[in-house]
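# Overview (structure and organization)
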Amino acid sequence: MATFYIDDKAFEAEDGENILKACLSLGLDLPYFCWHPEMGSVGACRQCALVQYRDEEDTRGRIVMGCMTPVTDGARFSLQGEAPKEFREHIVESLMLNHPHDCPVCAEGGECHLQDMTVMVGHRDRRYRGKKNTHRNQDLGPLIHHEMNRCITCYRCTRYYQDYAGGRDLAAQAAHDHVYFGRHEDGTLESPFAGNLVEVCPTGVFTDKPLVNDYTRKWDMQSAPSVCNSCAVGCNTLPGERYGKLKRIHNRYNNEVNGYFLCDRGRYGSAYTNDESRPGYAGLRNKDGSYDAIQSSQAIKTVADWCGSDKKVAAIGSPRASLESNYLLRHLVGAENFCNGMADNESQLVGRIQEILRDGAVSTPSIRQVETADAILILGQDVTNTAARMALALRQSVRNLARQMAADMHIPLWQDEAVRNLAQDRLSPLFIIATGATPLDDVAEQTLSLSPAEIARFGEAVTAELNGTSASSELDDQAAALAKRVAEALSAAENPIVVSGTGCQSLDVVNAAASVAHALKQDSRMLSYCLPECNSMGSSLLSNQDASLAELGERATRDDIDCLIVLENDLHRRAQNDQIKALLENAGQVVVLDSNVTATMSTANLVLPTTTYIEAAGTLVSSEGRAQRHYPVYLPTEERQPSWRWLLQLGQFLNRDGFDEWEHFDQVTAACAADITALAKITEASPSADYRDHGLKVPRQSHRYSGRTAMLADISVHEPKQPVDDETPLAYTMEGSNSKDKPGALLPYVWSPGWNSNQSLHKFQSEAGGALSGGTAGIRLIEASGSENIASSKTDPDPLPDGHWQLVPAYHIFGSEELSAQSPAIAELIGIESIQLNSVDADRLGATDGDLLHIESNGQSLQLAAEVNDSIASGCAAYRAGLPGGHWIAPNCGATISKAKPGGDHA
């Protein structure tokens, strides 16, 4: 540590840290624009000026930029002196010369970093009366609104978009006071992380387009800590609500998971919660297929009659529902009658993955730890399209070679441009072995497209090289040479990581990844698996050995199910349509609990309307094995209830064991923890409902929240009583305490005096850019046991007959996930479904782009447009996973493909 002085007061900071970060960590307000904790310093805005003195005798000093000046022992600075204050005021005045001063109509108003810094430096009166430079704004797609006239040329946008996220279609153009940040022409930003520009930009140049189109000020939004449900990474989010509608989602900082950034699916994919077609009341199906709305009490009684003691009841849970809801349903019907709701093959894969992570000797890294990897092997997974936030972390990990080079040259890592100039295009080794091209290919040392079986054999060859034995003779010379190179890179690394997952739908690929990781000798070796849904890991930990979908289908055909309860699950996404149709038709009475209309709900005998994750509390377990709690942001309308509440009422009505002892959410969580050994620590994921911050609840509304007495004025002039929340430590009011030292799991918004924007986050951190003062949200449930022997059996697939192609899933960040695809802004980016073949295979069929192809597999058939993609492995045909028409396809099955005849069925 170094002792330094600011205005003659002594402080301590890490030796070599820049003085701006040191000041912010110490609670001193030093204005800045271009600096960002994740992107380092470039000294572009000149706003963080201080005076530095040579010694105690020096009274004049010199102006230095805080973000570019290191802390040294005995260094002396002035923050409040006349010279630095005047310099900072002149800088802001120059930045504001061409600014439109349109705060009243700016979507950033009230949370604008430029506003905060202008006030902080004391610049109040405008003196410039000349003509302003103006720019034409661009259409950047359905997610981002562009207003270039507000720009202050801090370069944060391009540094984030190009340098950090790897985007290539946004750049700084022109020069001097004509600099323009945009694309070469109008068009949707291509990066799946473009939405972070909204929070990175310190002004209103890049704003949230869905919010702009239905606007509410920050201080008028009610928010609560939440967890993204769009994939299994478990990013922390802050949804904002007004008038009973979700208005936007901002990033919620978690140092170990998402840090400062989200992917666009997580940021914009929850607008389905505002769908007006959502069922609001329990519905009983008539013989003609229509539904009659019935009271909640009548619905519970009806289901209870169908589930009486003399009835044979089965239930299907969901990997997108909370642990608590799944647990109650399982407890209600019994483990032998419960299916976790995943497709059978997927359930097997996730079960194997959690077995490897729990019983093996390789650690599962957090996203922050992924960024420390200095050699990476991705085996059979398109990480960007299945676990986007991890892909962003992998983009940072390939820069570890540059960081090591900088350390050897004694260049501080916060000197971002110097580090990049030193490394040029040299990156840490990243190898991607997949069924086709992935968005991470641009930073990979080498890529190779193989079929799933060949990917598994490649992994075995790498394992053999690491163990010093002969590699598989089934690989061609190119693949064998690459396997040797991969083994060399992983062996030489200090922090190697193997990344795989369920993407190939292949158990052999999952096992091969584990074998490679265990063959590494380093103590810091890491193994990370990408899972498909937000609670896939939790569902597997809860019910890995319970009934499968196939078993329930067999029971239904034997008339062994009188009532089937389906929890937040569209079963048509889990198996072939005819199998699901037979299950639902033969299962007697079908009860569906869900928040949005699905094909499964449309055939139910009774529908119980549930809340979305935005309106309910719940615990989810990420692919890392981290249990995290999401809280309701606002109360549900009409007669929607959380799934756990519906199931609790049903169990109590039926007098099932244990249900009478439970009334509150925390009691259900505790019961789940006590009953399921693998989930024993979930009560530690977040404080219980009786937690108080300095004796007070944590408010969902900021102290600036307005309109409390006017929001319902069109209905009644009498102010309603504020709702009471007995289930969480949060309050639906402005009253309460939001101190910096409360648990990190309870951060509902960030605000600090003088820091209205999200830059105020450093006030809640132990140091600027560090962990939250109240600790990291969530609790790890899975820790490696230390066994080097992870038993596995290889399932050599039968060779495909001549003339058959192997169908493999191709994922897309927009469209492959069920619920986000229903969000209007995301729906615009989904595109059309196609079947992808490489040019050689397409030539065999005489097909070109756009031709209709007839596909037959497992007795099912449909037609899809051909898309020629030379990155697809030979003999494979890639279908768009998650889009309508693809749910019937069994994993890694064979198919015949031919040119379609006119008039055939289309997808």
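For the structure, check the block above.
We now turn to the structure provided with this report. The structure displayed is predicted, hence computed values, not measured ones. (Residues numbered from 1 in each chain as written. Predicted model: local features only at pLDDT ≥ 70, side-chain atom pairs only at ≥ 80, totals over all residues. Heavy atoms only, no water.)

## Some thoughts on the side chain of Asp-58
Looking at the element boundaries, Asp-58 is found in the loop between strand E3 (49-53) and strand E4 (62-65). Look at Asp-58: it is buried, it has no salt bridge, and the nearest opposite charge is Arg-54 at 4.0 Å. For Asp-58, the side chain forms a polar contact with the main-chain nitrogen of Arg-54, separated by 3.1 Å. At 3.1 Å, the side chain of Asp-58 and the backbone nitrogen of Gly-61 are in polar contact. Among all residues touching Asp-58, those that are not within four sequence positions of it are Gln-52 and Tyr-53. (Helix = DSSP H or I, 4+ residues; strand = E, 2+ residues; numbered from the N terminus. Buried < 20%, exposed > 50% of the residue type's maximum accessible area, 1.4 Å probe, protein only. Lys, Arg positive; Asp, Glu negative; His and termini not counted. Salt bridge = Lys/Arg side-chain N within 4 Å of Asp/Glu carboxyl O. Polar contact = N/O pair within 3.5 Å; in protein donor to acceptor, adjacent residues only side chain to side chain. Contact = heavy atoms within 4.5 Å.)

## Here's the deal with the packing of helix H9 (residues 323-333) against helix H19 (residues 536-543)
Relative orientation of the contacting elements H9 and H19 amounts to 30°, with a least axis distance of 10 Å. As judged from the angle between their axes, H9 and H19 are roughly parallel. As for how H9 packs across H19, the hand of that crossing is right-handed. Across the interface between the two elements, Leu-323, Asn-326, Tyr-327 and Arg-330 of H9 pack against Gly-538, Ser-539, Leu-542 and Ser-543 of H19. A breakdown of the residues in the contact of H9 with H19 according to their chemical character gives three nonpolar, four polar and one charged. (Axes fitted to C-alpha atoms, helices over the stretch in contact; angles between N-to-C directions. Parallel < 35°, antiparallel > 145°, perpendicular 65-115°, else oblique. Left-handed = near helix turned anticlockwise from the far one by under 90°. Nonpolar A, V, L, I, M, F, W, Y, C, P; charged D, E, K, R; others polar.)

## Some points on the packing of aromatic side chains
This model, assessed by the stated rule, comprises 13 aromatic pairs. Look at Trp-644 and Phe-665: their rings are 5.4 Å apart centre to centre, the planes differ by 65°, and that puts the pair in the edge-to-face class. On the criterion of sequence distance, the pair formed by Trp-644 in helix H22 (residues 643-653) and Phe-665 in helix H23 (residues 665-675) is long-range, its members being 21 residues apart. Judged by its relative accessible area of 4%, Trp-644 falls in the buried class. Exposure remark for Phe-665: the relative accessible area of 0% places this residue in the buried category. Following the ring pairs from residue to residue traces out a cluster consisting of Tyr-160, Tyr-164, Tyr-253, Tyr-260 and Phe-261. The lysine or arginine in question, Arg-76, covers the ring of Tyr-5, its NZ or CZ lying 4.4 Å from the ring centre. Lying over the aromatic face of Tyr-243, Arg-242 brings its terminal NZ or CZ to 4.9 Å of the ring centre. (Phe/Tyr/Trp six-rings, centres within 6.5 Å; stacked < 30°, edge-to-face > 60°. Lys NZ or Arg CZ within 6 Å of the ring centre and 35° of its normal.)

## Overview of the sheet that holds strand E33 (residues 852-857)
Reading around the barrel, the six strands line up as E31-E35-E32-E34-E33-E36 and close back on themselves, with mixed pairing between neighbours. Recorded for the sheet is a direction-independent mean angle of 45° between the axes of neighbouring strands. Relative to strand E35 (residues 876-880), strand E31 (residues 804-810) runs parallel, the two sharing five bridges. Residue pairing for E35: Gln-806 is matched across the bridge by Cys-876. (Pairing = 2+ DSSP bridges.)

## Remarks on the pattern of salt bridges
Using the criterion set out here, one finds 46 salt bridges in the structure. Between Glu-371 and Arg-368 there is a salt bridge; the shortest N-O distance is 3.2 Å. On the basis of relative accessibility, which here comes to 21%, the residue Arg-368 falls in the partly exposed class. With its nearest N and O atoms 4.0 Å apart, the salt bridge here joins Arg-558 to Asp-560. The exposure class assigned to Asp-560 is partly exposed, which follows from its relative accessible area of 22%. In this structure, a network of salt bridges that share partners links the residues Arg-159, Asp-163, Arg-399, Asp-416 and Arg-420.

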